[in-house]
Amino acid sequence: MVRIDKKATRLYVLDTNVLIHDPASLYQFDEHEVVIPMTVLEELDKHKNGVREIARTARQVSRTLSDLTANVDLEQIREGIPIPRLTGPEGRLRLLCYTDLQPLDPLEESPDNRILAETCRLRDERPDASVILITKDINLRVKAAALGVPVEDYLNDRAFDDSDAMLEGVRVYPDAGSELWNDLALDVSVERDAQRVTYQLSGKIPAEWHPGMLVADSDDEGGFEAIVREVSGQRARLALLTNYRHGASVWGVHAHDCRQNFTLNLLMDDDIDLVTIAGSAGTGKTFMTLAAAFQQTLDTKRFERIVFTRAPISMSEDIGFLPGTEEEKMSPWMGAFHDNMDNLLRDENGESSWDNGATRQLLGSRVQIRAPGFMRGRTLNDTFLIIDEAQNFTPKQLKSLVTRAGRNTKIVCLGNVGQIDTPYLTANTCGMAALVQRFRDWPHAGHVTLKSVERSRLALAGEELL
């Protein structure tokens, strides 16, 4: 892209898609000036009607602009409307209107090309400032670069800078007995009660430790596996995990490595209300989650029901409208649920009771399959809520689902940020990435990224070759 001259004054020209993507983007440019071209205002006006999410967002942006311009006179509009900020110097908003705008040759008349023309004219009028076009439209960024217009993507919505930097929720030390306790100069005291062994640590606590993460001495058959319960300054508290590899199990399911064992511990932990599980296909995300859900719903009676939902986003062309009730319409999207139920209910002889009518009736009274579009306004009490394919939700949509939690409700979000089917979402802007980052230091949340354990040769080869 075009190199940007970092001058003292910067003018950020916002495209329509930036305002619709983040209605609060006006407040994200510090003390610099934000410019809204008239073409953007016209596009917002076209999008404001309707009940779709884009219409609601357009109306929200219009209300924000109305509030900013409500108590200013014509002279202030010309000089720049103050944009108040909680801390630091305030920025300014400029509304760009040219009555004699000349189109750029040889570009045809279109909203994107008009925004380019307005940006180019503003750049020529303000040689004292760096004029930068901000847009999420890749093609517009390419055209701007071809015309020599400084252009950037809107990056403030990213949960983290690097797409590979999402928290794993796991810290494995190759030699816990030596490195963890001695090299880190930690003083350790052990407390034992009837249910759990806890470690009270004092000293120089590793900076990457946070509540709800796994500390282990090996990826496989480790001797030490504990969850970080508290971290504050020079102190930390760890609790030893239950070993679900051999003796203990969850609905007959055993763990194969430390990450799966940690996952089962998070799912069965009464102190953890929000669990996020990431990982590629075949790592056991849905399988272990359903096993823990049935264990706590049908056996221990901790929850009264299981609610399963997922984003109805197709991988290819849509097949059109589906007949039937809400659950019947959601059935084509629930292939992962049915496949894992078939495996969970399979006995030692390889026969499954999932096709049995009585079994389906029993589970049907406890399991509800719901579309996410109808969840707004609900409060789920005594519920084990499973949100599958969470990477296909925007942060705002996932926030709407997570806030459905009521009394005695546990939420589990499953997803793979490497498989996003929703347009305009990436690995570091999707809802799952935002959820993991925002709840990083909350003591009642836990996250784990699973690794490939026992997957078919074809699945592993497919990932490597494609």
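Scope of this entry: the structure provided in the associated data block.

Reading the values: the criteria
- Residues numbered from 1 in each chain as written.
- Predicted model: local features only at pLDDT ≥ 70, side-chain atom pairs only at ≥ 80, totals over all residues.
- Heavy atoms only, no water.
- Axes fitted to C-alpha atoms, helices over the stretch in contact; angles between N-to-C directions.
- Helix = DSSP H or I, 4+ residues; strand = E, 2+ residues; numbered from the N terminus.
- Parallel < 35°, antiparallel > 145°, perpendicular 65-115°, else oblique.
- Contact = heavy atoms within 4.5 Å.
- Nonpolar A, V, L, I, M, F, W, Y, C, P; charged D, E, K, R; others polar.
- Pairing = 2+ DSSP bridges.
- Right-handed = clockwise from strand over helix to strand, strands pointing away.
- Buried < 20%, exposed > 50% of the residue type's maximum accessible area, 1.4 Å probe, protein only.
- Polar contact = N/O pair within 3.5 Å; in protein donor to acceptor, adjacent residues only side chain to side chain.
- Salt bridge = Lys/Arg side-chain N within 4 Å of Asp/Glu carboxyl O.
- Phe/Tyr/Trp six-rings, centres within 6.5 Å; stacked < 30°, edge-to-face > 60°.

The subject of this paragraph is the packing of helix α2 (residues 38-47) against helix α5 (residues 111-125). The interhelical angle for the contact between α2 and α5, taken along N-to-C directions, is 150 degrees, at an axis separation of 9 Å. As summarised for this structure, α2 and α5 are arranged roughly antiparallel, according to the angle between their axes. Between α2 and α5, the residues in contact are M38, T39, V40 and E43 and P111, R114, I115 and E118, respectively. Considered class by class, the residues forming the contact of α2 with α5 number 4 nonpolar, 1 polar and 3 charged.

What the 6 strands build is an open sheet, ordered β3-β4-β2-β1-β5-β6; its pairing is mixed. At either margin of the open sheet sits one strand with a lone partner, and together these are β3 (81-83) and β6 (151-152). Relative to strand β5 (residues 129-134), strand β1 (residues 9-14) runs parallel, the two being bridged by 6 bridges. Of the residues in β5, the one forming a bridge with T9 is A129. Strands in contact with α2 are β1, β2 (33-37) and β4 (91-96); relative to β2, the strand with the most contacts, it is inclined by about 60 degrees. Packing of α5 onto the sheet brings it into contact with β1, β2, β4 and β5, and relative to β5 it is tilted by some 170 degrees.

This brings us to the pairing of β1. Sheet topology places β1 next to β2; 3 bridges connect them, and they run parallel. In the sheet register, Y12 faces β2, and the bridge partner there is V34. Assessed by its sense of winding, the connection that carries the chain from β1 through helix α1 (residues 16-21) to β2 is right-handed.

What follows covers the sheet that holds strand β11 (residues 225-232). Pairing within the open sheet is mixed, and its 6 strands lie in the order β7-β10-β11-β12-β9-β8. With partners counted over all chains shown, the strands left at the sheet margins are β7 (170-172) and β8 (186-192), one partner each. Neighbour to neighbour, the strand axes of the sheet diverge by 25 degrees on average, direction disregarded. In the sheet, β8 pairs with strand β9 (residues 197-203) via 7 bridges, with the strands oriented antiparallel. Residue pairing across strands places S189 opposite Q200, the latter belonging to β9.

Tracing the backbone shows K451 in the loop between β18 (445-449) and α15 (457-465). When its relative accessible area of 37% is taken as the criterion, K451 is described as partly exposed. For the pair formed by K451 and G284, sequence separation is 167 residues and the distance between their alpha carbons is 9.5 Å. Sequence-distant contacts of K451, that is, excluding residues within four places in its chain, are made with E168, R259 and T283. Within the structure, the side chain of K451 is placed 3.3 Å from the side chain of E168, a separation counted as a polar contact.

All right, on to the pattern of salt bridges then. Scanning all chains against the criterion turns up 18 salt bridges. Of the charged contacts, one joins E208 and R171 as a salt bridge, the two residues approaching to 3.0 Å between their closest N and O atoms. Of the two residues, E208 sits in the loop between β9 and β10 (214-216) while R171 sits in strand β7, which places them 37 residues apart along the sequence. In this structure R171 comes out as partly exposed when scored by relative accessible area, which is 26%.

On to helix α8 (residues 258-268), then. For α8, the tally of buried residues reaches 10 of 11 residues, placing the bulk of the element in the interior. Those residues of α8 lying buried are C258, R259, Q260, N261, F262, T263, L264, N265, L266 and L267.

Here we take up the environment of A445. Residue position: A445 is located in strand β18. Here the alpha-carbon distance between A445 and L266, two residues 179 residues apart in the chain, equals 8.7 Å. If sequence neighbours within four positions are ignored, A445 has contacts with P211, G212, I272, L274 and F439.

Let us now look at the packing of aromatic side chains. Tallying each qualifying case throughout the model produces 6 aromatic pairs. Seen from their ring centres, Y199 and F224 are 5.3 Å apart, and the 80 degrees between their planes marks the pair as edge-to-face. Linking Y199 in strand β9 with F224 in the loop between β10 and β11, this pair joins segments that are 25 residues apart in sequence. On the basis of relative accessible area, F224 is assigned to the buried category, the value being 8%. Their ring planes at 80 degrees and their centres at 5.5 Å tell us that F303 and F384 sit as a pair that is edge-to-face. Taken together, the residues F303 in the loop between α9 (285-299) and β14 (305-310) and F384 in strand β16 (residues 383-388) connect sequence positions 81 residues apart. For the pair shown, F303 and F384 are each scored as buried.

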